[in-house]
Amino acid sequence: MHSIIRTIATLSLPLLATHSLAQDDGDWITLIEGNQGLDNFNQVGEANWHSASDFVHVSQGEGVAYLVTPDSYDDFELHVEFMASEDANSGIYMRCEDAQNITDRSCYEANIFDQRPDPSYGTGAIVHVAAVSEPYPKAAGQWNTYEITLQGDRLHVLLNGEETVDVQDSQFSEGPIALQWGRGDLRFRSFRIRPL
């Protein structure tokens, strides 16, 4: 029965192919792979998101800008590969309440911000929910991997294979996911999600 359902789900994917959406083995959905995938997101705010050689790149904008998934998610695993400059301010916003008004008070934000004035909520933390401790994680100048699981009220984050967050919080239950540009140079070469 499960193989029939999987086959039916696979047959429906060509309707989404115009947006480069790809279903991977194990029910993973690829939204960014290399320099492909910008058309899988809605852009909120003004920034120069573009496809580079083998990644999606952004380095300039007016104010804060986001790439936002058109779909909402509740429970999921997320795999993101990114590189950030030392001065970058970015984050992965999850279960956002309003796709047009994204903040760290209306979504969960897994931060990418090595120079945050309060480093306890810098890179590796979920802002306002789960702090990181010394030595504070850093992401600048290298490829990094976020593995994030949100299931019910459990929030679990691995940064480069190291656990930075394992906490329970029930503020937000469902919503789109967004990649933020606040400042600096950012590159994303993989963004995959597996609904749970």
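Fair warning: this is a prediction, and the values are worked out from it, not measured in the lab. (Residues numbered from 1 in each chain as written. Predicted model: local features only at pLDDT ≥ 70, side-chain atom pairs only at ≥ 80, totals over all residues. Heavy atoms only, no water.)

Asks: Before we move on, could you go through the side chain of Arg 95 and cite the residues and values that matter?
Replies: Relative to the helices and strands, Arg 95 is located in the loop between β8 (90-94) and β9 (108-112). Under the relative-accessibility criterion, Arg 95 is labelled buried at 1%. At 2.9 Å, the side chain of Arg 95 forms a polar contact with the backbone oxygen of Asp 74. (Helix = DSSP H or I, 4+ residues; strand = E, 2+ residues; numbered from the N terminus. Buried < 20%, exposed > 50% of the residue type's maximum accessible area, 1.4 Å probe, protein only. Polar contact = N/O pair within 3.5 Å; in protein donor to acceptor, adjacent residues only side chain to side chain.)

Asks: Describe the nonpolar core, naming the residues involved and giving the relevant values.
Replies: Counting 42 residues, the largest nonpolar core has Trp 49, Leu 78, Ile 92, Met 94 and Tyr 146 as its most contacted members. At 5 residues, the largest contribution of residues to this core is made by strand β7 (residues 76-84). Not counting residues up to four positions away in its chain, the partners in contact with Ile 92 are Leu 78, Val 80, Tyr 108, Glu 109, Ala 110, Ile 112, Tyr 146, Ile 148, Ile 177, Ala 178 and Leu 179. The next biggest cluster of nonpolar side chains, apart from the first, holds 8 residues, and it includes Val 44, Cys 96, Cys 107 and Ala 178. (Core = buried A, V, L, I, M, F, W, Y, C linked by side-chain atoms within 4.5 Å. Contact = heavy atoms within 4.5 Å.)

Asks: Talk me through the confidence of the model for the protein chain; I want residue IDs and the actual numbers.
Replies: Taken over all residues, the pLDDT of the protein chain has a mean of 90, while the share at 70 or more is 87%. Every residue in residues 1-21 scores below 50 in pLDDT, and together they form 13 contacts with partners more than four places removed in sequence or on other chains. (pLDDT = per-residue confidence, 0-100.)

Asks: Give a description of the environment of Gly 34 that names residues and reports values.
Replies: For Gly 34, the position within the fold is in the loop between β2 (29-33) and β3 (42-47). Sequence-wise, Gly 34 and Phe 188 are 154 residues apart; in three dimensions their C-alpha atoms are separated by 7.8 Å. In contact with Gly 34, not counting residues within four places along its chain, are Asp 54, Phe 55, Val 56, Phe 188 and Arg 189.

Asks: Could you give an account of the pattern of salt bridges, naming the residues involved and the relevant values?
Replies: Using the criterion set out here, one finds 6 salt bridges in the structure. Linking Arg 194 and Glu 77 is a salt bridge whose minimum nitrogen-to-oxygen distance equals 2.6 Å. Taken together, the positions of Arg 194 in strand β14 (residues 186-195) and Glu 77 in strand β7 put the pair 117 residues apart, joining distant regions of the chain. Residue Arg 194 is classed as partly exposed on the basis of its relative accessible area of 24%. (Salt bridge = Lys/Arg side-chain N within 4 Å of Asp/Glu carboxyl O.)

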